Amino acid sequence: MLAKLKTFSLVGIEAVPVEVEVDVSPAGLAKTILVGLPEAAVKESTHRVERAMVNSGFIRPQTRIVINLAPAELPKQAASFDLPITLGILAGSGQIDPVGLEDYAVVGELALDGATRPAKGALSMAITAAKEAGLRGLLVPSASAAEAAVVEAIEVIPIASLAQAVAFLTNQIEIDPTRSRLDDLFAQLGQYDTDFADVRGQEMAKRALTVAAAGGHNLLMVGPPGSGKTMLAKRLPTILPDLTPDESIETTRIYSAVGRLKPGQPLLAVRPYRSPHHTISEAGLVGGGSTPSPGEISLAHNGVLFLDELPEFNRRTLEVLRQPLEEGSVTISRALASTSFPANFMLLAALNPCPCGYRGDPRRQCHCTIPEVERYMSKISGPLLDRIDIHIEVPAVPFRDLSDGPPGTSSASMREEVVTARSIQSARFSSRNGAARHNADMTHRQTRQYCRLDAASSEMLRSSMDEMGLSARAHDKILRTARTIADLASSPDIQAEHLSEAINYRMLDRSFWT
């Protein structure tokens, strides 16, 4: 007897429909054959399925069983095929009525006792299931039900065991669909534990971070050890606007596909902050593997990627950031196929001014020679620096600011400025056909349209470019940064003081890299 079920397979972070066909034939020796390009985890499912059936009180057919996962040319991986394969065998052997299998897609890994285990990519599978004609609902493991239920357009049935799935599909029991709790999840999980008020001093650095957050600009901090660079970086997400539901789902899909969602957190309600160690590989940073999976830049999508001790990273590893920084996505190509992952993040980097860290510090003496400093700084290429809009110095904080100084500017007040500037940008780009959402995303044509200068400002910019030897890309980035500073001041036009501040944010790299 032939049974057919619907399920899904992950390709990158996308879920692709897969049909599970199970043919149970009395002819021949008792044997289970699995076809359809199954990877190792899927091939091993036959052993899990056999014991899960027996330990759940069902009979393992002593016949020839052929399981086909269609489409045949699509590689199948992960253990989420366990439950649909088991139900197909039970239906094909006549132990359950296959009628109920037509209305539901099924995903889930099985333990040997028949209990279900979480499925990676449940959210992506629910999104695809909602687009499939004729599907009433999706059966998922109970541990993944809250994640899949974020999609309101389809019924998500939580399944705790194989026996429960059989009882539900044969109408022996009723299981209420898991309801979507988007509002509750955002209220519960949308809080940050850090605040810029914790950072004493560094008001100039906070101003630069406000500009960067308002326009989506990348930022580089240079300063001695202990000056607060990491503290500042960790608090940057607290001044960014709240994740929209669409952004939250888009980011959650990435974490779900790689199994990075924390228990009890079916949805990301705050902007991600990723800080990889400098020993990370190229594949770990941008994604890769024989079956491509997302890297750190995709895990930082819609959030912040912080690279501390930037010169300590392998230079080749840093160079692979250049294309994602420009395009907001990364494409991993292999011989048979290519996979694209979203990677629209704010890059925040920090480094010491020299190998010992105390160059220019009035309180400590630097013993680094000029060739040592040049060798240290040369690890960061000019093209990568050109893609970082704002460069600032973060000096050591004086004792009086640490002990008796007033509380630092809070995240709430900084965030208010950022939200105001972002609303101006939303109005600016909402009626335009293009990918730009923030000033940092403006195309060359949009930069010319929205960043016009008067004669005095144009002369100031020309003089600065000649003196500093800036590239055409740096020229446009200065204009975009100036546009953001004008937005923070609610100014319709870029004034001379806005341009001057933007130019100052490009001066530091020339003093260290020349």
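Located above this text is the structure these notes cover.
Presented here is a report on the structure given in the accompanying data block. (Residues numbered from 1 in each chain as written. Predicted model: local features only at pLDDT ≥ 70, side-chain atom pairs only at ≥ 80, totals over all residues. Heavy atoms only, no water.)

## Observations regarding the packing of aromatic side chains
For the coordinates displayed, the defined rule picks out 3 aromatic pairs. Centroid distance Tyr104 to Phe168: 5.3 Å. Interplanar angle 75°. Geometry classified as edge-to-face. Taken together, the residues span a long stretch of sequence, with Tyr104 in strand 5 (residues 104-106) and Phe168 in helix 6 (residues 162-169) at a distance of 64 residues. Judged by relative accessible area, Tyr104 falls into the buried class, the value being 7%. A cation over an aromatic ring shows up here: Arg428 above the ring of Phe429, its NZ or CZ 5.9 Å from the ring centre. We note Arg428 situated over the ring of Tyr450; from NZ or CZ to the ring centre the distance is 5.8 Å. (Phe/Tyr/Trp six-rings, centres within 6.5 Å; stacked < 30°, edge-to-face > 60°. Helix = DSSP H or I, 4+ residues; strand = E, 2+ residues; numbered from the N terminus. Buried < 20%, exposed > 50% of the residue type's maximum accessible area, 1.4 Å probe, protein only. Lys NZ or Arg CZ within 6 Å of the ring centre and 35° of its normal.)

## Considerations on unusual backbone geometry
In the segment running from Ala70 into Pro71, the intervening peptide bond is cis, with an omega of 10°. Among the secondary structure elements, Pro71 is positioned in the loop between strand 4 (64-70) and helix 3 (82-92). One non-glycine residue, Asn302, lies in positive phi territory at about 65°. Relative to the helices and strands, Asn302 is located in the loop between helix 12 (296-299) and strand 14 (304-307). Accessibility expressed as a relative area gives 5% for Asn302, which makes it buried.

## A word on the pairing of strand 10 (residues 219-222)
Taking every second residue as pointing to the same face, both faces of strand 10 are buried, with Leu219 and Met221 on one and Leu220 and Val222 on the other. Summarising the sheet, strand 10 and strand 17 (residues 346-351) pair through 4 bridges and their orientation is parallel. When the bridges of strand 17 are listed, Met221 appears paired with Ala350. Where strand 10 meets strand 18 (residues 390-393), 4 bridges bridge the pair, whose relative direction is parallel. Residue pairing for strand 18: Met221 is matched across the bridge by Ile392. (Pairing = 2+ DSSP bridges.)

## Section: the pattern of salt bridges
The tally for this structure, following the rule as stated, stands at 28 salt bridges. A salt bridge links Asp82 to Arg48; its shortest N-O distance comes to 2.7 Å. Of this pair, Asp82 sits in helix 3 while Arg48 sits in helix 2 (residues 45-55), and the two are 34 residues apart along the sequence. The exposure class of Arg48 is buried, given its relative accessible area of 14%. In this structure, the salt-bridge partner of Glu155 is Arg136, at a minimum N-O distance of 3.7 Å. Separated by 19 residues along the polypeptide, Glu155 in strand 9 (residues 155-159) and Arg136 in the loop between helix 4 (122-131) and strand 8 (137-141) bring together distant segments of the chain. The exposure class assigned to Arg136 is partly exposed, which follows from its relative accessible area of 49%. (Salt bridge = Lys/Arg side-chain N within 4 Å of Asp/Glu carboxyl O.)

## Things to note about the sheet that holds strand 14
Spatial ordering of the open sheet is given by 11-14-17-10-18, a layout of 5 strands whose pairing is parallel. Each of the sheet's edge strands pairs with one partner strand only, and the pair in question is strand 11 (273-274) and strand 18. Relative to strand 17, strand 14 runs parallel, the two being bridged by 4 bridges. Each bridged residue has a counterpart across the sheet, and for Leu307 the counterpart in strand 17 is Ala349.

## Looking at the layout of surface pockets
A water-sized probe, rolled over the atoms, reveals where empty space remains. The volume enclosed by the largest pocket comes to roughly 720 Å³. Contributing to the lining of the largest pocket are 35 residues, with Leu325, Glu326, Asn344, Ala440 and Asp441 lying nearest its centre. A per-class count over the lining of the largest pocket returns 10 nonpolar, 12 polar and 13 charged. By volume, the second largest pocket is sized at about 590 Å³. Lining the second largest pocket are 20 residues, with Lys262, Val270, Arg271, Pro272 and Tyr273 positioned closest to its centre. Residues that form the lining of the second largest pocket fall into these classes: 9 nonpolar, 5 polar and 6 charged. (1 Å grid on protein atoms, 1.4 Å probe; cavity = no way out; pocket = protein on both sides within 12 Å on 5 of 7 lines; lining within 4 Å. Points joined across faces, edges and corners; volume = space filled by probe spheres on them. Nonpolar A, V, L, I, M, F, W, Y, C, P; charged D, E, K, R; others polar.)

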